[in-house]
Structure formats: C-alpha cells, structure tokens
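# Overview (structure and organization)
Spelled out from the first residue to the last, the chains are:
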Amino acid sequence: MYIVPNPDHPQPGMCARPASALQMWSHPLRLKRPLKRVGNRGEGKFQEVDWDTALNEAAAKLKEIADKYGPQAIAFTRHDYLSWHLPLIASLIGTPNVIGQEGTCHGASTAARQLVLGAGGPPTVDPDYANLSYLILVGRNMDAAMGSVRALAGARTAGAKIVVVDPRAPNIAFSSVEWVPIIPGTDAAFLLSLMYVIINEGLYDGQFLKKYTNAPMLIKPDGKPLTQKDLGQAGSAYLVFDAASNGLQPLGSAADPVLDYEGDVETPAGTVHVKTAFKLLAERVAKYPPDKAAEITGVPADTISRIAKEFATRRGVVEDGWYSARNGNDFEFYRAILILNALVGNIDKRGGLCFQESAKFPNSCTIGADRVDTIFGVSLPPLSAKRVDLIKYPLAVSSFDALLDAVLTGQPYPIRALIIVGTAPFHRDVNTQKLKEALQKLDLVITIDIFPQDHVDWSDYVFPDLMFLERSEVTSAPWTLDAAVIYSSKVLDPPPGVDARSGLWVLLELVRRAWPDKAALIGYTDKYADYTQFEQFEEQLYDRILTYLSKAWNISKEELDATLKTKGYYLLKKKTYESRPYKSKLSTPTGLVEIYSLTALNYGLDPLPDWTPPPAYSQPKAPNEFYLITGKDQNVSGHFIFTYNSKYLTERCVWMNPIDAERLGVKDGDVVVLEGVDNGFSTKTCIKVTNRVRPGVLFAYAFAGGHTSALINSDYDFLRSGVNPQWFTKGYVAPVIGIAGTNSVVRVRL
C-alpha cells in the first residue's frame, strides 16, 4: 500500500504526516492493548488487561467521582481529534469541562478574530492565497496547510511577494521571500509602526473605514462610545459626526462620517469632549514611528517604512494566525494584524483576508441555557456548572492552565478526573512541574491515544485508539475558502497484535457502563458493548449528518453520500467575495469590523492594540542568555514525530546563530547546558549552528525533542534527544483571554 494525494480535493497536497502514515500504522511503539497502571504515577509501569476489565474499572471510578463531587469534576482535554464528539460525551455525563489546546495554540488569534471580525477559529478567516498580490506572514510557517500552500504557489508565479516576519526562518522563508528576523515578542510594535506609516501617509482606504468599520465612532474621555442615550435621546445607537449634515448621526446612518473628528458635544450632563476611534488609533500608533519601532524590534526603520508602503499600495494581506501562543502579548499583535487588513480595505475581497463560506456542518450538540440539543434529535438536561477556565478567563477559547489550578486548589470547584484524548499535555502546555503535580493529585487519569506520549506514564488506564487509516469520518473542510465537506474512509484494520478500538466507542462505553440510562438517551445501548456492532452506530451518526446537510443545502442525500464516498469530498459552495461586512453584519457588537473593540472594553481590556514587553519571560541580560523560541515546520503533529521519517526530517538540536556560536566558542554538534532563567530547569542539549535564526535567539522545534515515556524503547532513543521547550517556560497565562507563553529565556553554559 502507498498513499497519494487527491489532486481535486479542496485541500490538495500531502504534508509529512500522511506521507508517514504507514509508518505510524505499523509502528513498534503503537499502544497495543488496554493498560492498567501498576507502578506510581509517572513511572510508566503497566499491566495489559482485557477491554472489559479496563472499561468497567474506569467507568466505575468515573461514577464514584461524579457521585461524590458532581459530574463537573470530570474533565476532558483534546486537540482537534474527536473535538466534534466530546461536547456530546461531556453533556451526557453532565460536565461542561472540555478544554482543548487553544491556550497554547491559536487562542490569541481566535480571540482577536472574535473581537475584531466576529469570526471564530483559524479556518473561518484566511487570506485568499490563490489571488493575493502581497502577503505578510508573522510567525506563520504554512507547512501544514497544504491546500493553502498550493494555492499560494499560483499567486507567487503571478508575481505575489511574501514577507516573513519571524526570529527564525521557517521553510517558506527560502527562495524568493523576504525574511525579516525580528526580536521575539515585538511583533505588535512592528505592526503598529506599519499602521503609523499607512495613516500618516494617507495610504488607508477611507471609504472602507467609514462604511464598514467602527472607525468613525465617537469615543468619550472614559473610553466608552457616545450614544443617543448620552444625548437624552430615545435609542442607544452609537454616534458619529456626519460631514454631510454637519451633526451627529447613528453609526451606519451617516452619509459622510468623519474619520478624524474631535470636538465638544453638549449633553444633559454637560459638555463632553469626543474623538473618533480612528483618531484614537492614530494617536496610539504615533508611539511607534519607524525609528522608534526599529529600536524595539531590531528591524531597520527604512525596512518598516518600505514594507508599509508596499503593503498598502499593493493592497496586501497579513495572515491572521494559527499557532499563536508565544510571548504572552500575542493577543495584541493579532488584533493589530486584523486592523491592518481593514486599514487598506482588504476584507473579504478577492486577494484579501476573506471569510470562509460556511459548510453548515451540524454540531453534535448545541448547549443552551435550558437544555442540550443533540444531533440525534433528543435533548439532554442543561449543564449546571460553568466551564472552569471561563470562570477565570472569560474570553478564553480554552485555557488548560485554569483546569490545573482547579485540580490543585479545588477552586472554583474540584476537578478529580481527567480524560486525555489524542493530545500531548507535556509537549503542549507550559509549566511542566505544575502539570505533574496536578496529574499526581487527580483521582483518575484516562488516556486514549495511539502512541506513548509522556502523559501516558501518568495515566491509570490507557486505551489504544485507531489511527485515521483505520476509521471512517466526515467533517467540514478546513483551510479552504469554499464550503465543502470531506470524507475519509477506512482502508486498514489495525496491524496484527494491535487490539485498538475507536476512541469514540471507548468514550461511549465509559458513559454506558457508568450511566446506561444516559447513553440510552441517544440510542447507545448494550448491543454496542460488542465492538463488532459499533459500525452500525457510526452509520446512524453519519446518516444524521447527511440528513442535516441535505436539508441545509437542499441537495439529495443519496448524491451527497455517493459523491463523498467516490470523490472524498463534496463542494457545497464556491467562495463569493464582498459578502461580509458588505451584505451581512458581523458578529461584533456594532456588526462592523471593530477597529475599537467594544468587547475588549467590556472586559477591562484596552479597546485598541498596543505593544508591551513580553510578560511570558524575563529579558536576556547576560551575554550567555538567549530567547528560546519554538515553532513547527515539517513536524506537523505529535504523532508524526514518532516516525523514522521524523528522525531524519526534524532537527532535535537547538539552533544557534553563527555569530553567537563564535562568540561563545560553540561548534556545530557541541553539547551545552540550557538553564531556564525564570524557572531554573536545567538540561543538556546539542547545538545546531545555522543562520536560520537571529543572533541572540535559540530555536527548538515544538513537540519534537525530549520525550520521556518509559514505554519508548532503545530503538527510538532519538525521541529522547533534544529538549522540550515547555521545560523552560515561566508558566505565564494572560488575563481574561487565558493564552500562555511557550517561548522562554535560557542561559547557555558550556
């Protein structure tokens, strides 16, 4: 067997993960049978047990915890795998606590998207790669989104320019790309300086700002918008100054709203001095003229000015972010990115930053205040508790660190069981010691995975899962602006000796064995304890999805089914431009692009982006202290990293610039000691001398180095080499939005 890409697929192409999939399928380290812990947590000592024993014991413990502490004491953590099903599983149990990887992944960019554009996760908004003329990538490597890379290749052939702003050169920085090696944590200052040039040289799109953003909105000295209510009028509309009527008008109603108005307004409470949001933005970016920004960022002032002019005159697009948790101040620069795209009016236009056409893919369940509606057509009782991270970080997409706090402190309520599904907390999350302490304190840790990630050693029960070649699934198509659904069909059974079973079956069996009445609500009954019957349940689920989509799009269910199973995808709608905010409002408080974020204001955050020194780590102070940054390229997943392809494709040594290496007397391959300046953690690693990283900065691949599981044998010792960048992090989590900083500062000792 071999794997080739589907050239007509909405996401054509193949990254390193599927290219290595057959190695993963027959990998010697695959988890083969259910495991039960027999040693201390962290030792990695297990005994193999049969499926019934493991499921019955784990389910009984879950029920005991729910009875004693309430169902909210049971939590799940995940990456993207099974993320569609987990809210349903959790709702059956009665817990809101499904907390994913976003706090150390795309939480910052998603929070920014929600506030500025009213959009969601990374796929909901993306550059129109095929048609853009100028692209700025800030900390983005592009290696995993193969369809986007192929689309971008066409634009590059047509003359598009790409600028990569990153302290290290990712793979895309090769060939005809301008690499801007910026000082870590200063991206917001760079972007605000681009705005400074664009605003001061009049390169912005005034008509777009007036009509489709809240830039003309009048702001009072207390930071709140001026409303009709302030004037003692009926209504609560936000107000602008209209040049056409020479007076105040509701936002969106003025014939010619003034962008840079400043003046006094008479109100029943007295005279109020107001300025437009655009004027406040201009005042904010006045802090960052290119010469000042150059001092902060290390990027020459003339480079900043040139890029700003190129970007504006070529109507460029700044990519809106994916893996975005790095320096603790990332939320600011992602807001700046979105505002930059709005400044040049390049929102939802051909070649601009565009909204993805929705595939209208149904949720497995919709959680409401008074009930939980499921795709099976039945409703479940409402959840009585609030998700534990949202209590601490109200604008978080997910913040796993808050869950650790709840485990360790019992506040705001105890978390006593954790089910880890297809994710790698030790390589994903900051503050390794805190994670160990939390895992130690839990009453029950369950893992569903295919490989011995480090957290497996800390688990009470481990259930071997299927990999994607061994299961069928349907989902909406990410990383394309078109609306499409995609189908992945099962082509293999697990290899001989591997008794792996569907992760969804494991979860449903845990529910059924603990609470059979709850499982029965969605038709999951005793018959599915026989695993050979489970495909019938999956077929029912598939049928429910097709029924929903066929009604939503008024298409034949039979045609949809046949096309999915023959072509692997169904294209529901091609991208149409200038839809939002032109023809329909955005999901922001004003319905417009919010240059000035009212949601941020409501949560006590600055309504405008700004730059502050990165709070996630101390600044380097001595000649042997370096920023340690992390990221990805061809190592696109925590599972791919286990393969022999990864051994040769992914550098485990820490990158160091030749200037620094010469100054310290370090040669390529030398072993040094890295010591975390903020947490004191110390370990040895080898050094790769390369000019792909800025002087003063070290780079280590995320998820690649420093694996510690006792289940990794000597044939795969390369997994233990290198470092896990999370070992050195300070453990900083930003207030309100709950994103962590995965970069750090380390000391190099020879």
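Scroll up a little and you will see the structure.
Keep in mind that what you see is a predicted model, and the values were worked out from it rather than measured. (Residues numbered from 1 in each chain as written. Predicted model: local features only at pLDDT ≥ 70, side-chain atom pairs only at ≥ 80, totals over all residues. Heavy atoms only, no water.)

Another point: the pairing of strand E3 (residues 74-78). Counting buried positions over the five residues of E3 gives five, a clear majority of the element. Here E3 shows a buried face lined by Ile74, Phe76 and Arg78 and a second buried face lined by Ala75 and Thr77. Sheet analysis places E3 next to strand E19 (residues 417-421), joined by five bridges and oriented parallel. Directly across from Arg78, in E19, lies its bridge partner Val421. Judged from the two bridges that link them, E3 and strand E4 (residues 98-99) form a sheet pairing that is parallel. Its bridge partner being in E4, Thr77 is matched across the sheet by Ile99. (Buried < 20%, exposed > 50% of the residue type's maximum accessible area, 1.4 Å probe, protein only. Helix = DSSP H or I, 4+ residues; strand = E, 2+ residues; numbered from the N terminus. Pairing = 2+ DSSP bridges.)

We now examine the environment of Asp633. Locating Asp633 in the fold gives a position in the loop between strand E25 (625-631) and helix H22 (644-649). Taking the C-alpha atoms as reference points, Asp633 and Asn171, 462 residues apart in sequence, are found 6.5 Å from one another. If near-sequence neighbours (up to four positions away) are discounted, Asp633 is found in contact with Asn141, Asp143, Arg168, Pro170, Asn171, Arg692 and Tyr701. Polar side-chain contacts of Asp633 include one of 2.8 Å to the side chain of Arg168. (Contact = heavy atoms within 4.5 Å. Polar contact = N/O pair within 3.5 Å; in protein donor to acceptor, adjacent residues only side chain to side chain.)

Once that is clear, we can look at the pairing of strand E20 (residues 444-449). With respect to burial, E20 is a largely interior element, six of its six residues being buried. Burial along E20 is two-sided: Leu444, Ile446 and Ile448 facing one way and Val445, Thr447 and Asp449 facing the other are all buried. Two elements, E19 and E20, share five bridges in a ladder whose sense is parallel. What sits directly across from Leu418, in E20, is Val445. Sheet analysis places E20 next to strand E21 (residues 461-464), joined by four bridges and oriented parallel.

Applying the stated criterion across every chain yields a total of one disulfide. In this model Cys653 forms its disulfide with Cys686; the gap between the sulfur atoms is 1.9 Å. Looking along the S-S bond of the Cys653-Cys686 disulfide, the torsion reads about -95°, which is the left-handed sense. You can see Cys653 sitting in the loop between H22 and strand E26 (654-656) and its partner Cys686 sitting in strand E28 (residues 682-689), a full 33 residues away along the chain. Comparing Cys653 with Cys686, the two get one shared label, buried. As a non-bridged cysteine, Cys15 has Cys105 as the owner of its nearest cysteine sulfur, 15 Å distant. According to the relative accessible area criterion, Cys105 is buried, its value standing at 12%. (Disulfide = S-S within 2.5 Å.)

Turning our attention to helix H11 (residues 301-313). With 13 residues, H11 should cover 18 Å at 1.5 Å per step; its first-to-last C-alpha distance of 18 Å lies within 8% of that length. The set of residues buried in H11 consists of Thr303, Ile304, Ser305, Ile307, Ala308, Glu310, Phe311 and Ala312. (Expected span 1.5 Å × (residues − 1).)

Among the structural elements, Thr690 can be located in the loop between E28 and strand E29 (697-701). Here the side chain of Thr690 touches Arg692 through a polar contact of 3.0 Å, landing on its backbone nitrogen. Not counting residues up to four positions away in its chain, the partners in contact with Thr690 are Trp655, Met656, Asn657 and Pro658.

Before going further, it helps to spend a moment on the packing of aromatic side chains. For the structure shown, the criterion picks out 31 aromatic pairs. Ring plane angle 25° and centroid distance 5.7 Å describe the contact between Trp51 and Phe463, whose orientation is recorded as stacked. One end of the pair, Trp51, is in helix H3 (residues 51-69); the other, Phe463, is in strand E21, and 412 residues separate them in sequence. For the residue pair Trp51 and Phe463, the accessibility class agrees, reading buried in each case. Aromatic pair Phe451 and Phe642: ring centres 4.8 Å apart, planes at 15°, arrangement stacked. Note that Phe451 is positioned in the loop between E20 and E21 and Phe642 in the loop between E25 and H22, a separation of 191 residues in sequence. Since its relative accessible area comes to 0%, Phe642 is described here as buried. (Phe/Tyr/Trp six-rings, centres within 6.5 Å; stacked < 30°, edge-to-face > 60°.)

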